[in-house]
Structure formats: structure tokens, C-alpha cells
Amino acid sequence: MDTGVTGYRGKSGDRNPAVGENPVTGIRRPIKKLQRENRLDDIVDGNMKTYDVKEVGTVIQVALLCTQSSPEDRPTMAEVVRLLQGVDLAERWAEWEQLEDVRSREFSLVSHQFAWAEESTHDQVAIQLSEAR
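Residues numbered from 1 in each chain as written. Predicted model: local features only at pLDDT ≥ 70, side-chain atom pairs only at ≥ 80, totals over all residues. Heavy atoms only, no water.

### Quick word on the nonpolar core
Spelled out, the test is: Only buried residues count toward a nonpolar core. Its members are Ala, Val, Leu, Ile, Met, Phe, Trp, Tyr and Cys residues joined through side-chain atoms within 4.5 Å. Burial classes follow relative accessibility: with a 1.4 Å probe on protein chains only, a residue under 20% of its type's maximum area counts as buried, one over 50% as exposed, and anything between as partly exposed. By definition, any uninterrupted DSSP run of H or I lasting at least four residues is a helix, any uninterrupted run of E lasting at least two residues is a strand, and each is numbered from the N terminus.
Core analysis: the biggest nonpolar cluster contains 16 residues, and Ile-31, Ile-43, Ile-60, Leu-64 and Leu-65 have the highest contact counts within it. Within the residue set of this core, elements represented by two or more residues are helix H2 (23–36), helix H3 (53–66), helix H4 (77–84) and helix H5 (89–120). The dominant element in this core, judged by the number of residues it contributes, is H3, at five residues.

Next up, the structure:
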């Protein structure tokens, strides 16, 4: 993982994650975007003149599975070996994509609710609702 992060940062010029952002998440997001857009040339080290596109795609998918936020969701080393061999990778990837979609929608909903709560508390005047008892 560290080698991949270092390699990506060196190639992309992205030296530091955003303030307060998890460094792994900060790297995973742009890699995932490039992977979805099938822009492997922007991920692979420029010094590699040729590479097997299928192998690189497999390695990127496995790396993304290994950098999930929750350690419980990450594959074990034995699973990593099987995934790199292509065993169950399609199924595991589809599960992860679905989980990421659900988490993204939940985060968006929570962020929206938080923004609403924050906006509604600005400049509020305290009012007395009832007499003291």
C-alpha cells in the first residue's frame, strides 16, 4: 500500500491530502475515478513503456479493496492472493461497488441534514416557551 501511495503521489504531484482528510481516502478517491474512466496511463508509472492492461486493472481493483476504510471489509492476505489470480474478483468488486454507492448516498444524506441543521441555528433568538415552575 505505501509503495502504491508513494508511486501515485510522485506521478500525480499530489503531495499532501486535504487538511483533515485520511491519506488513504485522499489517494483512493482519484485512483477510483481514473479506474472508472479507464485511464490506466494516468495511474501506471510513466517509466513502464508496456504493460498488460488486464493485469494492471486487476492489481488496481485489489489495491482499492485493500484500502477500504473499515479493516473488517478488507480482504485477508489469502484472499488477496486469490483475487490477484482472478478468483472471485468480479463478485467481490461488484459487492464493493454496491457498498460504496450506498455509503456515498448515506454520506450525502447526512451531510445535507447537517448543513440544514447548521443553517437553521444561525441567529436564532431564544424565546420563552413556558413560565418557570
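### Quick word on the pattern of salt bridges
The test is simple: Salt bridge, as used here: a side-chain nitrogen of Lys or Arg that lies within 4 Å of a carboxyl oxygen of Asp or Glu.
Considering all chains together, one arrives at seven salt bridges under this definition. When the shortest N-O distance is used, the salt bridge between Glu-97 and Arg-36 registers 3.7 Å. Highlighted residues: Glu-97 in helix H5 and Arg-36 in helix H2, separated in sequence by 61 residues. Of the residues examined, Glu-97 reaches a relative accessible area of 26% and is grouped as partly exposed. Measuring nitrogen to oxygen at the nearest pair gives 2.7 Å for the salt bridge that ties Arg-105 to Asp-101. You can see Arg-105 and its partner Asp-101 sitting in helix H5, four residues apart, about one turn around the helix. Among the ionic contacts, a cluster of salt bridges with common partners joins Lys-33, Glu-37, Arg-39 and Asp-42.

### Focus: the packing of aromatic side chains
Which entries qualify depends on this criterion: Note on aromatic pairs: the rings of Phe, Tyr and Trp (six-membered ring only in Trp) are paired at centre separations within 6.5 Å, and the planes decide the class, stacked below 30 degrees, edge-to-face beyond 60, tilted for the rest.
Within this structure, the stated rule accounts for one aromatic pair. Ring geometry for Trp-93 and Trp-96: centres 4.8 Å apart, planes at 45°, overall tilted. Here the residue Trp-93 and the residue Trp-96 both occupy positions in helix H5, the gap between them amounting to three residues, near one helical turn. The exposure class assigned to Trp-93 is buried, which follows from its relative accessible area of 9%. Residue classification places Trp-96 among the buried positions, given a relative accessible area of 3%.

### Details of the packing of H3 against H4
Let me state the cut-off plainly: Orientation is described by axes fitted as lines to C-alpha atoms, over the contacting stretch for helices, and by angles from 0 to 180 degrees between their N-to-C directions. Roughly parallel means an angle under 35 degrees; roughly antiparallel means over 145; roughly perpendicular covers 65 to 115; every other angle is labelled oblique. Each crossing gets its handedness from the near helix: less than a right angle anticlockwise from the far helix is left-handed, clockwise is right-handed. In what follows, a contact means two residues having at least one pair of non-hydrogen atoms within 4.5 Å. The residue classification treats Ala, Val, Leu, Ile, Met, Phe, Trp, Tyr, Cys and Pro as nonpolar and Asp, Glu, Lys and Arg as charged. All others, Gly included, are polar.
It is the contact of H3 with H4, at a shortest axis distance of 10 Å, that shows an interaxial angle of 155°. As judged from the angle between their axes, H3 and H4 are roughly antiparallel. Two packed elements cross with a definite hand, and for H3 against H4 that hand is right-handed. For the pair formed by H3 and H4, the contact residues are Thr-58, Val-59, Val-62, Leu-65 and Cys-66 on the first element and Val-80, Leu-83 and Leu-84 on the second. In terms of residue class, the contact of H3 with H4 is built from seven nonpolar, one polar and no charged.

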